[in-house]
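# Breakdown of the fold
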Amino acid sequence: MEPKHEKYRRLIDYCRDLPPLPTAVAHPCDTSSLSGALEAARIGLIAPVLVGPRARIEAVAQENSLRLGDVTIVEAAHSHAAAAAAVELVREGKAEALMKGSLHTDELMGAVVKRETGLRTARRVSHCFVMDVPGYPDALVISDAAVNIAPTLEEKMDILQNAIDLAHALQFKEVRVAVLSAMETVNPKVPSTVEAAALCKMVDRHQISGALVDGPLALDNAIDPDAARIKKIDSPVAGRANVLLVPDLEAGNMLAKSLSFLAGADAAGIVLGARVPIILTSRADSMVTRLASCAVATLVARARRESGKPVR
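Residues numbered from 1 in each chain as written. Predicted model: local features only at pLDDT ≥ 70, side-chain atom pairs only at ≥ 80, totals over all residues. Heavy atoms only, no water.

## Some remarks on the side chain of Arg302
Along the chain, Arg302 turns up in helix α11 (residues 287–307). When its relative accessible area of 18% is taken as the criterion, Arg302 is described as buried. Residues in contact with Arg302, not counting those within four places in the same chain, are Tyr14, Leu18 and Gln171. (Helix = DSSP H or I, 4+ residues; strand = E, 2+ residues; numbered from the N terminus. Buried < 20%, exposed > 50% of the residue type's maximum accessible area, 1.4 Å probe, protein only. Contact = heavy atoms within 4.5 Å.)

Here you go:
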């Protein structure tokens, strides 16, 4: 069986040879968030700027024997101020990524989506988990399980394109997206099946690009070749998907947590659709998962630079 974290370790090792990503870390005032940022800096994944109350950051470092060294600290009195200041560092060109510290996701994302002072683009902001599932041959992208609660069809277009772009940044050789529902047939009584079919037609009309997309597909015939064969689904995606687009946040959250707690998977989280990638970590994340999230952001930022396209 594949060793645990093997996909993440390959990802981290690859990114260690790239230039560190300048990253504004918002309110790293607990052990897990501060140690994660400092370890990512130590191995060369990010060049962090810590944003928050200096005294609290220094106290956490001292209590846990963490070396701050010459890491820059930008003073911010509390978590809301830290979120706003971290966003401003990006707007000033002093950071190419944001990283969540010990503040609520809503606080950070509230600063990100502010119309006048945030980091909005024309693209809908959405979240992706990059899952390392033991026994599954590829990394598995799941979207959206953390930001958009009940996305509309128009919003799913952006969520899907964000996920496809992420898969390309991760250098997937072929991006195969399954648009999930409870069944693999279009049923007018199940709106997610109708929206899945509409998304596939949008791909045919080049409104969404960069991947093979099929749906509706149920989870079993999206990822298991035997299930797809038994159901007689003729598709280049069925049974071998590496991106899963879920119908809503509830389905995505339960899928990701089921893989984590029942199958031993790890879930590196990132938010896309803003001017820069946003590294979202949980207090329950392992160190390797935190480092993998930083590595994913590094590849996203690199892909944007190499594309030469301005972020709008």
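Next comes the rest of the write-up.
## A closer look at the pairing of strand β8 (residues 212–217)
Look at any regular strand and the pattern is simple: side chains alternate between the two faces of the sheet. Two elements, strand β7 (residues 176–180) and β8, share four bridges in a ladder whose sense is parallel. Residue Ala178 lies in a different strand from β8, and its bridge partner there is Asp214. (Pairing = 2+ DSSP bridges.)

## Section: the pairing of strand β3 (residues 72–75)
As defined by bridge partners, strand β2 (residues 46–52) adjoins β3 across four bridges and the pair is classed as parallel. In the sheet register, Val49 faces β3, and the bridge partner there is Thr72. Taken together, β2, helix α3 (residues 54–63) and β3 form a β-α-β motif whose crossover is right-handed. (Right-handed = clockwise from strand over helix to strand, strands pointing away.)

## As for the pattern of salt bridges
The full count for this structure, using the stated rule, is 17 salt bridges. As a salt-bridge pair, Arg240 and Glu174 come within 3.6 Å of each other at their nearest N and O atoms. In this pair, Arg240 is assigned in the loop between α9 (225–230) and β9 (243–245) and Glu174 in the loop between α6 (153–169) and β7, connecting sequence segments 66 residues apart. Its relative accessible area of 33% is what places Glu174 among the partly exposed residues. Among the ionic pairs, Lys231 bridges to Glu184, the shortest N-O distance being 3.3 Å. Highlighted residues: Lys231 in the loop between α9 and β9 and Glu184 in the loop between β7 and α7 (191–204), separated in sequence by 47 residues. The exposure class of Glu184 is partly exposed, given its relative accessible area of 24%. The structure contains a network of salt bridges with shared partners spanning Asp138, Glu174, Arg176 and Arg240. (Salt bridge = Lys/Arg side-chain N within 4 Å of Asp/Glu carboxyl O.)

## Describing the environment of Ala40
Looking at the secondary structure, you find Ala40 in helix α2 (residues 31–42). Separated by 17 residues in sequence, Ala40 and Thr23 have C-alpha atoms that sit 10 Å apart. Apart from residues no more than four positions distant in its own chain, Ala40 is found in contact with Leu45, Ile46, Leu291 and Cys294.

## Let's talk about the nonpolar core
Counting residues in each nonpolar core, the largest one holds 63 residues, and the members touching the most others are Leu45, Leu50, Val141, Leu166, Leu170, Val177 and Val213. With 10 residues, the top contributor of residues to this core is α11. For this core, the two domains that each supply at least three residues are domain 1 (1–121) and domain 2 (122–273). When sequence neighbours within four positions are dropped, the list of residues in contact with Leu50 reads Val25, Pro28, Leu34, Ala37, Ile57, Leu68, Val71, Thr72, Ile73 and Val74. Counting residues in hydrophobic clusters, the runner-up holds 25 residues, among them Ala83, Val125, Val276 and Ile278. (Core = buried A, V, L, I, M, F, W, Y, C linked by side-chain atoms within 4.5 Å. Domains from an automatic or database assignment.)

## Quick look at the domain arrangement of the chain
Quite often, the size of an interface is put as the accessible area lost when its parts meet. Partitioning the chain into structural domains gives domain 1 (1–121) and domain 2 (122–273). Each of domain 1 and domain 2 has a C-alpha centre, and these two points are 28 Å apart. Across the contact, 10 residues belong to domain 1 and 21 residues belong to domain 2. Counting the surface lost from both domain 1 and domain 2, the interface buries some 1,200 Å², and carbon and sulfur atoms represent 52% of this. On the surface where domain 1 and domain 2 come into contact, there are one salt bridge. Asp132 serves as the salt-bridge partner of Lys7, at 3.3 Å between the closest nitrogen and oxygen. Inspection of the domain 1/domain 2 interface yields 11 residue pairs in polar contact (both at pLDDT 80 or more). (Buried area = accessible area lost by both parts, 1.4 Å probe. Polar contact = N/O pair within 3.5 Å; in protein donor to acceptor, adjacent residues only side chain to side chain.)

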